[in-house]
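Residue-level structural notes
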Amino acid sequence: VRSRAESPDYRLGVEMADGTQLASFSLTDLRAMEQHEHEIPIACVEGWSANATWRGVRLRDLLAAVGIDEPREVDVVSLQEESAPGRRYGTSTVSKDLSKQDQTLLAMNVNGEPLHLDHGFPLRLIAPARPGVNQTKWLSKVVVR
């Protein structure tokens, strides 16, 4: 993940479920979009939880930027290679209801600092009321259903 996440050529792709490419965004593009900040806890399936303040682009704003204005179910996909340990968590489905919420972010910062690679740099999904395992790290693309 490290080399792909830290590459100056990093892009977040947005595509339809049939593979039609809608757009791709650099980190500069994403930082230029309106940023939102929310305190959202992470609850781990191992029994711990922690509050954090996350900042990034709302998922609904990203979808609007590619011409999708109605709530849609989407899959967010990690940069992890298919064979990587834990890959089963490399894709997370976001419901239509959750995709339209203010607090559903493609986060670039946590607690006022840029994300560290361990926490999902360059971009991770953060949404309310979801276990941490579904808050996908190291995003590579958003697939619109």
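Position labels on residues start from 1 in each chain and follow its written sequence. With pLDDT at 70 or above as the cut-off, local features in this predicted model cover only qualifying residues; side-chain atom pairs require 80 or more to be listed or tallied, and sums for whole chains, interfaces and linings still use all residues. Hydrogens and water are ignored here; the side-chain numbers use all heavy atoms of the structure.

**As for the pairing of strand E1 (residues 12–16)**
Selection rule: Residue exposure (1.4 Å probe, protein chains only): buried if accessible area is under 20% of the type maximum, exposed if over 50%, otherwise partly exposed. The helix and strand labels rest on DSSP assignments: H or I over at least four residues marks a helix, E over at least two residues marks a strand, and numbering proceeds from the N terminus. One requirement defines pairing of two strands: DSSP has to find at least two bridges between them.
Most of E1 is tucked away: five of the five residues are buried. A two-sided burial pattern is seen for E1, the buried positions comprising Leu-12, Val-14 and Met-16 on one face and Gly-13 and Glu-15 on the other. Bridge count for E1 against strand E10 (residues 139–144) is four bridges, and the pairing is parallel. The partner of Val-14 across the bridge, within E10, is Val-142.

**Let's talk about unusual backbone geometry**
Of the consecutive residues Phe-121 and Pro-122, the connecting peptide bond is found in the cis state with omega at 10°. At Asn-111, a position not held by glycine, the phi torsion is positive, near 50°. A positive phi angle, near 60°, is found at Ala-129, a position not held by glycine. Summarising the element assignment, Ala-129 is placed in the loop between strand E9 (124–126) and E10.

**Overview of the nonpolar core**
Formally: Buried residues of nine kinds, namely Ala, Val, Leu, Ile, Met, Phe, Trp, Tyr and Cys, make up a nonpolar core once their side-chain atoms join them within 4.5 Å.
Residues Leu-12, Leu-30, Trp-54, Leu-62 and Val-142 are the most contacted members of the largest nonpolar core, which totals 40 residues. Ranked by residues supplied to this core, first place goes to strand E7 (residues 105–110) with five residues.

**Some points on the environment of Gly-120**
Under the convention used in this document: Pairs of residues are marked as contacts when any of their non-hydrogen atoms sit within 4.5 Å.
Mapped onto the fold, Gly-120 is located in the loop between strand E8 (113–114) and E9. Classification of Gly-120 by relative accessible area gives buried; the value is 0%. The spatial distance from the C-alpha of Gly-120 to the C-alpha of Met-108 is 8.4 Å, given a sequence separation of twelve residues. Those residues in contact with Gly-120 that lie beyond four places of it in its chain are Leu-115, Lys-137 and Trp-138.

**Examining the side chain of Ser-78**
Under the convention used in this document: The definition of a polar contact used here is a pair of N or O atoms within 3.5 Å, where within protein one atom must be able to donate a hydrogen and the other to accept one, and adjacent residues in sequence count solely through side-chain atom pairs.
The topology assignment puts Ser-78 in strand E5 (residues 74–78). A distance of 3.1 Å separates a polar side-chain atom of Ser-78 from the backbone nitrogen of Gln-80.

**A look at the pattern of salt bridges**
How we decide: Should a side-chain nitrogen of Lys or Arg be within 4 Å of a carboxyl oxygen of Asp or Glu, the pair is scored as a salt bridge.
Overall, the coordinates contain eleven salt bridges when judged by the stated rule. Notably, a salt bridge pairs Arg-55 with Glu-37, separated by 4.0 Å at the nearest N-O pair. Of this pair, Arg-55 sits in strand E4 (residues 49–58) while Glu-37 sits in strand E3 (residues 36–43), and the two are 18 residues apart along the sequence. Take Arg-55: its relative accessible area is 33%, and that puts it in the partly exposed class. For Glu-37, a relative accessible area of 47% gives the class partly exposed. For Arg-58, the salt bridge identified is with Asp-102, shortest N-O distance 3.3 Å. With Arg-58 in strand E4 and Asp-102 in the loop between helix H4 (96–99) and E7, this pair connects stretches of sequence that are 44 residues apart. Salt bridges sharing common partners tie together Arg-58, Arg-60, Asp-61 and Asp-102.

**Let's talk about the sheet that holds strand E6 (residues 91–94)**
Condition: To get an axis, a line is fitted to the C-alpha atoms, and for a helix only the part in contact is used. The angle between two axes follows their N-to-C directions and goes from 0 to 180 degrees.
Reading across the sheet, the five strands line up as E2-E1-E10-E5-E6 and stay open at both edges, with mixed pairing between neighbours. Looking at the sheet topology across the chains shown, the edges are occupied by strand E2 (21–25) and E6. For this sheet, the mean angle separating the axes of adjacent strands, direction not counted, is 20°. Here E5 runs beside E6; their pairing, made up of four bridges, is antiparallel.

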